[in-house]
Amino acid sequence: MRMAKSGDAEIRQWFAQALAIHQQGNLQEAARRYKLILDQQPDHADALHLLGVVAHQFGKHDNAINLIKLALKLQPANAVFHYNLAKALQANNSLADAITHYQLSLQHNSSDTNAWANLAVAYQDSEQVEQAVHANRQTLALDGDHPIALLNLGTLLSQIGEYDEAALLFDRLLHKHPMHAEAHTKKSLIRLLQGDFVRGWHEHYWMYFSADFVGKNPPRVMPFPKWRGEALPDNSTLLINGDQGVGDVVMFASLLPDVLKRVHNVVLECDHRLITLFQRSFPAIKIIPKLAERDFYWQQALGPLRYRIDISELASLFRNSEADFPLQNAYLKVDDAKVLAWQTQLRKPGTRLTVGISWRGGLDARARQARSIALAHWQPLAALPGVQLVNLQYGDHAAEIAEFNAATGNALQTHANANPIADLSDFAALVKALDLVISIDNTTVHIAGALNVKTWLLLPLAHDWRWLLQREDTPWYASLTLWRADALGAQALRAQLVKATAQLASMLVECGSSEQLQKYFPVQQLDAGITVAVDAAMQALPMPANYALLLNDTSAWYHWGCSCTSLAMHAQLREKYPAVVSVPISDTRALAPCPLEAAHFDDDAFYAAFAERNATLVKRILHAAVVVINGEGTLHGLSHASLSLLYLAYIAKTRLQRRVCLINHSCYPDGSRRDPAAPAYSLYRKVYAQLDVIAVREAVSLQELVKMGIEAVQSFDSLPLFVENQYRQPVPSVRRNYIVLAGSVSWGKAVTAEIAKLLQLLTAANIPVKILV
């Protein structure tokens, strides 16, 4: 079909259709139509611009930049074109050009709040703090409730020490958006920095609900009630999950002795690199590795696990004021023989001081940029007479080290057999053998502090909450000295390295001999006689035999009823089987290929494709002693989720010959209707007829199964189980009248409005309400 020439009604109609399709989210079709327009009218500025926007949305930022620049040649004063070009440039990390085009956009439309807000981010990422603050203030002058500007300005002000105003900005944001997890988290960081631990820990828990955290850490099945710090009987075991990075887990491990005062039996699950080091350091605790599988699985060797807690949550139980911090000496223990071997190897002729250095750290790019000091800036330290530098930096930095060694003539000792990426026990022994560690903020500092090794920590102005404010020491580690930058930016941080180098030089001049240096850097006292045999079986923790496999586990998903149903299944299975392995609902819902018709259930070719795509899951089913399926929130109607779960149940029985038991909340094969003639009923009947045990929660579903000719029993209700397992409050001596509001899965605006009316009536009548969510 030939399109009309430029400027006529037909081409305008085509553009309107393309724009509508773009706004509906169909990017590929929108791009196709924009290209058709450009085939006929190459100078159609709007089509060029929006084709560039589509490219940006697809992550093809170079294409987006080129297309929008062509559009701007045709309409150089178009504010929207400048704005979207700036966004593409910003995504491409061309910050200077992005700033220029945001400014041009604002020249033509100075009231665009999003342009001001994005300009502020570009300034912030290019370390132009004053300009970023100004741009955020301009955004808020136009829209006082702009959520991005409130969050970003609060973040910037907290970084430069304007904590009171920052907290007020977070409060303004929370007034409009009370569930804004990131605002709560950032407010908690201010509290913790100021040493307000009680309120800080309480708000810090919101971190687990922020979009960034959830995106990187999907919910993890740990099927036990949470421990709240109470003393536990001797027959109960507490599971502690090492939920943070290695450095944080090392820091929070200082709380393990506090735990052991209240709980006799403790299992700690952590990064495999920490196993040997932690087993030697905490012999009363069973240390197990966190395996490649995301979710925890129980086996008898772990004992009668009753409760669980994340290691990062221990601080809210035991560190609520500075008086709660004990004087931390060396709570990590290393092999003395390895330390002595390292000391012999490190001390070359003429060495007066062995100094370990680490210069890079931070998980994301922004944190790395703020914390790190390029190795070239450490050259003056290598020039100090009698100082032997030792590499403690993890990762491959061979080229940087070679350049450093060539420039200094004093080679940075690097030892491949102390690689912290592989195992931290040898690395810890190396750190213990040093006289001094100088490092930016990374895992090395936590290892050194936990070993009580003298450490100088170089901190940027905007630093982690744990280092508090305006002090040279830290309650977390007795051996640390903090060197704090007095301004934002890399230059201010490097200035602290210069000062630290000058102080070390002064000490070396003052002390004429290595023996005299001991007043500053005393010889480490080794813990002679500590030998702990590492339990190789617990290190490996292989997949257990004769395990029960729970499919569609909802322990960490949806409302409390779903959680409690799966928790109850876990508890019962632990009494009957030596191990329980589960597959969470997030995995079962993502299975592919999905059987889209009944014929697929017995199709050999379809099964072969499914088994190849999901080989690990099929193997798990094949080797399980029993397969238990939780139908909660899934087995009703015909959807991708229900069809996938029905297919798993069917092949587990018919192809893999397993014993299969199903527990379902309700069973309405045809959705909300109950029509035995519907195709869904025949499929459910086909699958359910193969299963060994079927239990459903409520009577209507049980009647539906009886109509199908399926033998089933009525199962439990989850409310009493939830109360028993989770709501462990002391029974009040005096009975009070109150109302419990429970069972709500999703609150839309209409439901919330009605609940609000009810709560107002109850409050007016002085009737307390407890809400289970």
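Everything below is about the structure shown above.
Residues numbered from 1 in each chain as written. Predicted model: local features only at pLDDT ≥ 70, side-chain atom pairs only at ≥ 80, totals over all residues. Heavy atoms only, no water.

### Notes on the overall build of the protein chain
Inference 1: Of the regular secondary structure elements, the protein chain holds 34 helices and 18 strands.
Inference 2: The principal-axis extent of the C-alpha atoms belonging to the protein chain is close to 95 × 80 × 65 Å.
Inference 3: Counting only residues that meet the buried cut, the protein chain has 51% of its 773 residues in that class.
Inference 4: Sequence separation of 24 or more characterises 67% of the internal contacts of the protein chain that already satisfy a separation of 6 or more.
Inference 5: Carbon and sulfur atoms make up 53% of the accessible area of the protein chain, which totals about 35700 Å².
Inference 6: Computed over 70 positive and 71 negative side-chain charges, the inter-centroid distance for the protein chain is 2 Å. (Helix = DSSP H or I, 4+ residues; strand = E, 2+ residues; numbered from the N terminus. Buried < 20%, exposed > 50% of the residue type's maximum accessible area, 1.4 Å probe, protein only. Contact = heavy atoms within 4.5 Å. Areas by Shrake-Rupley, 256 points an atom, 1.4 Å probe, with all protein chains shown as cover. Lys, Arg positive; Asp, Glu negative; His and termini not counted. Charge placed at Lys NZ, Arg CZ, Asp CG, Glu CD.)

### Considering the nonpolar core
Inference 1: Ranked by internal contacts, the top residues of the largest apolar core, which has 128 residues, are W227, I240, F278 and L314.
Inference 2: For this core, the leading source of residues is helix α3 (residues 45-57), giving 8 residues.
Inference 3: Counting residues in each nonpolar core, the second largest holds 47 residues, with F606, L635, V660 and L683 among its members. (Core = buried A, V, L, I, M, F, W, Y, C linked by side-chain atoms within 4.5 Å.)

### Focus: unusual backbone geometry
Inference 1: With an omega dihedral of -5 degrees, the bond running from A592 to P593 counts as a cis peptide bond.
Inference 2: Tracing the chain through its elements places P593 in the loop between α27 (585-588) and α28 (604-613).
Inference 3: One non-glycine residue, Q470, lies in the positive phi region at around 50 degrees.
Inference 4: Mapped onto the elements, Q470 comes out in the loop between β9 (455-459) and β10 (480-484).
Inference 5: A relative accessible area of 81% means that Q470 is categorised as exposed.
Inference 6: Non-glycine residue Q657 carries a positive phi angle of around 60 degrees.

### Thoughts on the environment of L436
Inference 1: Its location among the elements puts L436 in strand β8 (residues 436-440).
Inference 2: C-alpha of L436 to C-alpha of I585: the two residues are 149 residues apart in sequence and 50 Å apart in space.
Inference 3: Setting aside residues up to four positions removed in sequence, L436 forms contacts with T354, V355, G356, K454, T455, W456, L504 and F521.

### Some thoughts on helix α12 (residues 197-204)
Inference 1: Where α12 is concerned, the buried positions are F197, G200, W201, E203 and H204.
Inference 2: Residues of α12 that are buried make contact with α11 (181-193) and α17 (314-318).

### Considerations on the sheet that holds strand β7 (residues 387-391)
Inference 1: An order of β7-β6-β8-β9-β10 is seen for the 5 strands of this open sheet, with the pairing classed as parallel. In the strand order of this sheet, the two ends are held by β7 and β10, each with one partner. Neighbouring strand axes in the sheet, compared pairwise and without regard to direction, differ in orientation by 25 degrees on average.
Inference 2: Bridge analysis of β8 against β9 gives 4 bridges, and the strand direction is parallel. Within β9, the position partnered with V437 by the bridge is T455. (Pairing = 2+ DSSP bridges. Axes fitted to C-alpha atoms, helices over the stretch in contact; angles between N-to-C directions.)

### Brief notes about the environment of W465
Inference 1: With respect to the helices and strands, W465 occurs in the loop between β9 and β10.
Inference 2: Between the C-alpha atoms of W465 and I190, which are 275 residues apart in sequence, the distance is 7.3 Å.
Inference 3: W465 has contacts with L189, L192, L193, W201, H204, M251, F252 and W476, leaving out every residue within four places of it along the chain.

### Points about the pairing of β9
Inference 1: Buried residues dominate β9, accounting for 5 of its 5 residues.
Inference 2: Between the parallel elements β8 and β9, the chain passes through helix α23 (residues 443-450) in a crossover that is right-handed. (Right-handed = clockwise from strand over helix to strand, strands pointing away.)

### Brief notes about the side chain of H82
Inference 1: Of note, H82 is situated in helix α5 (residues 79-91).
Inference 2: The class of H82 is buried, set by a relative accessible area of 5%.
Inference 3: Excluding residues within four positions of it along the chain, H82 makes contact with L72, P76, H101, L104, S105 and H108.

### Overview of the sheet that holds strand β2 (residues 265-270)
Inference 1: One open sheet accounts for 4 strands, arranged β3-β2-β1-β5; its pairing is parallel. Of all strands in the sheet, those with a lone pairing partner are β3 (286-289) and β5 (305-310), marking the two edges. On average, each strand axis in the sheet is tilted by 25 degrees relative to the strand beside it, whichever way the strands run.
Inference 2: Strand direction decides the pairing type here: strand β1 (residues 237-241) and β2, joined by 5 bridges, are parallel. Note on β2: the bridge partner recorded for L238 is V266.

### Some words on helix α34 (residues 749-764)
Inference 1: For α34, spanning 16 residues, the distance from its first C-alpha to its last is 22 Å, which sits close to the expected 22 Å at 1.5 Å a residue.
Inference 2: Immediately downstream of α34, the backbone of N766 shows phi near 60 degrees, a positive value. (Expected span 1.5 Å × (residues − 1).)

### Some thoughts on the pairing of β7
Inference 1: Within β7, 5 of the 5 residues are buried, which leaves it mostly tucked inside the rest of the structure.
Inference 2: With burial as the criterion, each face of β7 is covered, one bearing V387, L389 and N391 and the other bearing Q388 and V390.
Inference 3: Judged from the 5 bridges that link them, strand β6 (residues 353-358) and β7 form a sheet pairing that is parallel. Within the sheet, the bridge partner assigned to V355 lies in β7 and is L389.

### Things to note about a nonpolar patch on the surface
Inference 1: A cluster of nonpolar side chains, contributed by W747, V751 and I771, occupies part of the molecular surface with about 240 Å² of accessible area.
Inference 2: Inspection of the secondary structure assignment puts W747 in the loop between β17 (739-741) and α34.
Inference 3: In this structure W747 comes out as partly exposed when scored by relative accessible area, which is 34%. (Patch = residues over 30% accessible without salt bridge, like charges linked within 9 Å, V, L, I, M, F, W, Y side chains within 5 Å. Salt bridge = Lys/Arg side-chain N within 4 Å of Asp/Glu carboxyl O.)

### Let's talk about the packing of aromatic side chains
Inference 1: Taken as a whole and judged by the stated rule, the model has 23 aromatic pairs.
Inference 2: Between the aromatic rings of Y205 and Y208, the centroid separation amounts to 5.3 Å while the plane-to-plane angle is 55 degrees, which identifies the pairing as tilted.
Inference 3: Of the residues examined, Y205 reaches a relative accessible area of 35% and is grouped as partly exposed.
Inference 4: A relative accessible area of 14% places Y208 in the buried class.
Inference 5: On the basis of an interplanar angle of 85 degrees and a centroid distance of 5.5 Å, the ring pair of F278 and F282 is categorised as edge-to-face. Exposure class is identical for F278 and F282. Each is buried.
Inference 6: The ring of F325 has R319 lying over it, and the distance from NZ or CZ to the ring centre is 5.5 Å.
Inference 7: We note K770 situated over the ring of Y738; from NZ or CZ to the ring centre the distance is 5.2 Å. (Phe/Tyr/Trp six-rings, centres within 6.5 Å; stacked < 30°, edge-to-face > 60°. Lys NZ or Arg CZ within 6 Å of the ring centre and 35° of its normal.)

### Observations regarding the state of the cysteines
Inference 1: Inspection of the entire model under this criterion finds 0 disulfides.
Inference 2: A disulfide-free cysteine, C562 has its sulfur positioned 10 Å from the sulfur of C564, the nearest such atom.
Inference 3: According to the relative accessible area criterion, C562 is buried, its value standing at 3%.
Inference 4: No disulfide involves C594; its nearest neighbouring cysteine sulfur is the one of C667, lying 17 Å away.
Inference 5: Take C594: its relative accessible area is 10%, and that puts it in the buried class. (Disulfide = S-S within 2.5 Å.)

### Brief notes about the packing of α5 against helix α6 (residues 95-108)
Inference 1: Axis separation between α5 and α6 bottoms out at 8 Å; the angle between their running directions is 160 degrees. It follows that α5 is roughly antiparallel to α6 by the angle criterion. Viewed along their axes, α5 and α6 form a crossing whose handedness is left-handed. Between α5 and α6, the residues in contact are A79, H82, Y83, L85, A86, K87, L89 and Q90 and L95, D97, A98, H101, Y102, L104, S105 and H108, respectively.
Inference 2: Its residues assigned to classes, the contact of α5 with α6 comprises 9 nonpolar, 5 polar and 2 charged. (Parallel < 35°, antiparallel > 145°, perpendicular 65-115°, else oblique. Left-handed = near helix turned anticlockwise from the far one by under 90°. Nonpolar A, V, L, I, M, F, W, Y, C, P; charged D, E, K, R; others polar.)

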